[in-house]
Amino acid sequence: MSDVINLDTIYDLINTTSGLLEKMVCEDPKLDLCTHFLIEGRVDSPEVARKWMDIINIGEVEVKNRLGLAMWNYQTNMTHYNAEVKAHVNDVTGILSSQLSTQADLIAVENIGVDFTTRRLYKLYRAGRVEFSTNAQLREYSMVRGLMQSIYSRGKVCRHHHTRKGMISRPSCLFLEPGLQHIMATSRNEKELLWAWRGWHDAVGHPMRALYTKYVDLSNIAAKGGGFPDAAAVWIDRYEDPVFEQEVDFLWKSVEPIYRQLHTYVRRKLFDVYGPTVVDLQGPIPAHLLGNMWAQEWNNIYDLVEPYPDHGTADVTVKMKELQWTVHDMFKAANRFFTSLGLDPMPPSFWTKSMVTRPPDRRVICHGAAMDMVKERDVRIKMCTEVTMEDLLTVHHEMGHCQYFLQYAKQHIVFRSGANPAFHEAIGDTIALSAATPSYFHRLGLLSEPHYDYESTINFLMEKALFKIAFLPFGLLIDKWRWKVFRGEVEPQDYNSAWWEMRQRYQGVKSPLPRQQDDFDPGAKFHVASGTPYIRYFISYIVQFQFHKALCNAAGYEGPLHLCNIYDSKEAGQKLRSMLSLGSSLPWQDALERLTGQRTVDTSAMEEYFSPLVQWLTRQNRGQTVGWD
């Protein structure tokens, strides 16, 4: 059921905040402030700035609430009406935000001093600021993004079947989830995998290509309106780090040797299955063979690469179904994990307003996401959940977002976000590292006896590496490609060729068939179609191990890092709360130090976690070409 969106409060705020800052300055008893403002056009009073920010806080809460509700209504019920409402809400709230932004420009931040007021102004109207010069541009931008998401959500692949009489029957069509994804995950027929891969990339890529060019143009217009050279600079600015790109490259260089060992081992196993006509033992891996539409995570081909088949797997999906687990059981289990740490339970509205299964009566965007309505502790999850171990861990991840929302809810509205975008992604995954342990599954009744022998350990770490290590270059290259596109270093006619050049360079993955200039394979990924930055995932996949180690230390755990389970540790929970409650009120380096004692993202915890597997892989790969041409 859709939420009713009342815009009366927004209209009132547009009227009451018009010229608000000017009125506040000249109503102040110190007339020299008014005189200074009238002459210089600048406000340099810390007291006035603080009062103005407190009032603005109310307006921004209302803006974010209406935007959140409109987005929720559309993504959980993709009707033309909800799309129009979302566009209208964007227009109205955009007027208020633009009005407040104009007033913020009148405050002489350099004269106020370094305090929360200065940081509030920076976060609200300086960091990642974008601004269109006309409402028509904003509306066109919203329309283009909406159309790309609609193409993605409506994408399907159809095939005809011949009857016994030689007639062609009506086509059967598959959407991405669960149909095409199920084929990619479970089929070992190379031709069927190629059919699904090509069908999806063609179905959503071709119609999106021209729209994406327009999206890039509009994104750059908005970036320049906010004082940035291009949209890439806007995205990078959110990390408040002048050498962010160099640090990202350094992190990749640190973990690349682990990835190459994993890639070499997996390639050899795929060669054994599909043969030399499909897999080259010295080259990149064809993208359709890795168990996932984007070859971003390889866990679905675990059965092909399992190190010790006789020692079992950590996947508890079969057991979940044997015990007749439901989707609600999965969400309740995740909720118990957080409360065991002394953190907040999900509020009652979470259970009544979340969409946790695919509705049978309407089109929705199934991609799992958590959303914060910023009022009345209204947090929600949107997810077409299946009863699988993978989705059980995803539930923990998404609920981690909700826990972050709840913990920083008392902060000023501009600080109600992760310390940086990667932190939000990392929190749920940090919990999932404990949730994926044999001891946790045993606690849930999904494992009769945890296995800790060497062979079981290598199996467990292999399965985790197919998630975590395999993902790293993909998590890196999506935004590296988009940064180049935004900067004009890659022209529209080269979008697809540059995409596959970067996928081969970083990931060692190639297209399974020749692609043309008018193809647009990046659009086959949701985050490209929706315009959602992606580098956060790359960083989060590294920093979550740093978080995990710090929490294990707080819990007093001693032993191999990959077996640590912080369930029921109030000490770890308090350590986690101390960082989450900050939101973005301090630079992310300070928040990181609060939890880990370190001020930089560090790969050593990830290296420690996977150390037994890396040693095993190195032995297995002797005599093989490590890497690709």
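Above this note sits the structure.
The following refers to the structure shown. These numbers were taken from a predicted model, which means no experiment stands behind them.

Brief notes about the overall build of the chain
Counting its regular elements, the chain contains 25 helices and six strands. Over its C-alpha atoms the chain spans a radius of gyration of 25 Å, differing by no more than 12% from the 25 Å that the globule rule assigns to 629 residues. Reported as C-alpha extents along the three principal axes, the dimensions of the chain are approximately 85 × 65 × 45 Å. Classification of the 629 residues of the chain by burial places 59% in the buried group. For the chain, contacts bridging at least 24 residues in sequence account for 77% of all contacts bridging at least 6. When the accessible surface of the chain is split by element, carbon and sulfur atoms take 52% of a total near 25,800 Å². Within the chain, the 74 negative side-chain charges are centred at a point lying 4 Å from the centre of the 68 positive side-chain charges.

A look at the state of the cysteines
Scanning the model with the defined rule gives three disulfides in all. Counting only cysteine sulfurs, C384 is the nearest neighbor of C402, a cysteine outside any disulfide, at a range of 16 Å.

What about the pairing of strand β4 (residues 369–372)?
Relative to strand β5 (residues 379–382), β4 is paired through four bridges, and the arrangement is antiparallel. In the sheet register, A370 faces β5, and the bridge partner there is I381. As consecutive antiparallel partners, β4 and β5 are separated by six residues, and within that stretch V374 has a phi angle of approximately 60 degrees, a positive value.

Remarks on helix α17 (residues 421–435)
The terminal C-alpha atoms of α17, which comprises 15 residues, lie 23 Å apart, in line with the 21 Å expected from a rise of 1.5 Å per residue. You can read the cap of α17 off the contacts: a side-chain oxygen lies 2.9 Å from the backbone nitrogen of A422, and it is on N420.

Some thoughts on the layout of surface pockets
Taken as a whole, the second largest pocket encloses approximately 370 Å³ of empty space. Considering the residues around the second largest pocket, the lining is formed by 16 residues, among which H80, A83, E84, G146 and L147 are closest to the centre. Residue assignment for the lining of the second largest pocket shows that the elements contributing at least two residues are α5 (80–104) and α7 (135–154). Of the residues forming the lining of the second largest pocket, the biggest block, seven residues, is contributed by α7. A per-class count over the lining of the second largest pocket returns six nonpolar, five polar and five charged.

Considering the side chain of S153
Mapped onto the fold, S153 is located in helix α7. At 3.1 Å, the side chain of S153 forms a polar contact with the backbone oxygen of S150.

Section: the nonpolar core
With 175 residues, the main nonpolar core has Y212, L262, V266, L270, W298, M462 and F538 as its most contacted residues. Sort the elements by how many residues they give to this core and helix α19 (residues 454–486) lands first, with 18 residues. Ignoring anything within four residues of it in the chain, the contact list for M462 reads L262, Y265, Y302, V305, P307, L613, W616 and L617. In terms of nonpolar packing, the next biggest core, distinct from the first, is built from 33 residues, V43, W72, L100 and M355 among them.

Quick word on the packing of aromatic side chains
Under the criterion given, the structure shown has 40 aromatic pairs. Plain terms: the ring middles of F244 and W483 are 6.5 Å apart, the flat faces sit at 65 degrees to each other, and that makes the pair edge-to-face. With a gap of 239 residues between them, F244 in helix α11 (residues 244–274) and W483 in helix α19 connect regions that are remote in the sequence. A residue is classified by how much of its surface remains accessible, and W483, at 3% relative accessible area, is buried. The rings of Y141, Y212, Y215, W235, W481, F486, Y495, W499 and F520 are connected pair by pair, giving a single aromatic cluster. In this arrangement the basic side chain of R380 is found over the ring face of W72, its NZ or CZ atom lying 5.2 Å from the centre. Directly above the ring of W294 sits K525, whose terminal nitrogen or CZ lies 4.4 Å from the centroid.

Some details on the pattern of salt bridges
Within the structure shown, the criterion is met by 29 salt bridges. Where E256 meets R260, a salt bridge forms, and the shortest distance between an N and an O atom there is 3.1 Å. In this pair, E256 and R260 are both assigned in helix α11, four residues apart and thus about one turn of the helix distant. For E593, the salt bridge is made with R599, and the minimal N-O distance between the two is 2.9 Å. For R599, a relative accessible area of 39% gives the class partly exposed. A single salt-bridge network, built from bridges that share partners, covers D202, R515, D519 and D521.

Let's talk about the packing of helix α2 (residues 20–27) against helix α4 (residues 46–75)
The N-to-C vectors of α2 and α4 enclose an angle of 140 degrees; their axes lie 10 Å apart at closest approach. When the axis of α2 is compared with that of α4, the two are oblique. At the point where α2 passes α4, the crossing takes the right-handed sense. Between α2 and α4, the contacting residues are L20, L21, M24 and V25 on the first element and V48, K51, W52, I55 and I56 on the second.

Overview of the packing of helix α22 (residues 535–554) against helix α23 (residues 570–580)
α23 packs onto α22 with a crossing angle of 135 degrees between their chain directions and a minimal axis gap of 7 Å. Comparing their axes, α23 and α22 come out oblique. Considering how the two elements wind past one another, α22 and α23 form a crossing that is right-handed. Within the contact between the two elements, α22 uses F547, L551 and A554 and α23 uses E571, A572, K575, L576 and M579. By residue class, the composition of the contact of α22 with α23 is six nonpolar, no polar and two charged.

What counts, and at which threshold
- Residues numbered from 1 in each chain as written.
- Predicted model: local features only at pLDDT ≥ 70, side-chain atom pairs only at ≥ 80, totals over all residues.
- Heavy atoms only, no water.
- Helix = DSSP H or I, 4+ residues; strand = E, 2+ residues; numbered from the N terminus.
- Rg over C-alpha atoms; globule rule 2.2 N^0.38 Å.
- Buried < 20%, exposed > 50% of the residue type's maximum accessible area, 1.4 Å probe, protein only.
- Contact = heavy atoms within 4.5 Å.
- Areas by Shrake-Rupley, 256 points an atom, 1.4 Å probe, with all protein chains shown as cover.
- Lys, Arg positive; Asp, Glu negative; His and termini not counted.
- Charge placed at Lys NZ, Arg CZ, Asp CG, Glu CD.
- Disulfide = S-S within 2.5 Å.
- Pairing = 2+ DSSP bridges.
- Expected span 1.5 Å × (residues − 1).
- Polar contact = N/O pair within 3.5 Å; in protein donor to acceptor, adjacent residues only side chain to side chain.
- 1 Å grid on protein atoms, 1.4 Å probe; cavity = no way out; pocket = protein on both sides within 12 Å on 5 of 7 lines; lining within 4 Å.
- Points joined across faces, edges and corners; volume = space filled by probe spheres on them.
- Nonpolar A, V, L, I, M, F, W, Y, C, P; charged D, E, K, R; others polar.
- Core = buried A, V, L, I, M, F, W, Y, C linked by side-chain atoms within 4.5 Å.
- Phe/Tyr/Trp six-rings, centres within 6.5 Å; stacked < 30°, edge-to-face > 60°.
- Lys NZ or Arg CZ within 6 Å of the ring centre and 35° of its normal.
- Salt bridge = Lys/Arg side-chain N within 4 Å of Asp/Glu carboxyl O.
- Axes fitted to C-alpha atoms, helices over the stretch in contact; angles between N-to-C directions.
- Parallel < 35°, antiparallel > 145°, perpendicular 65-115°, else oblique.
- Left-handed = near helix turned anticlockwise from the far one by under 90°.

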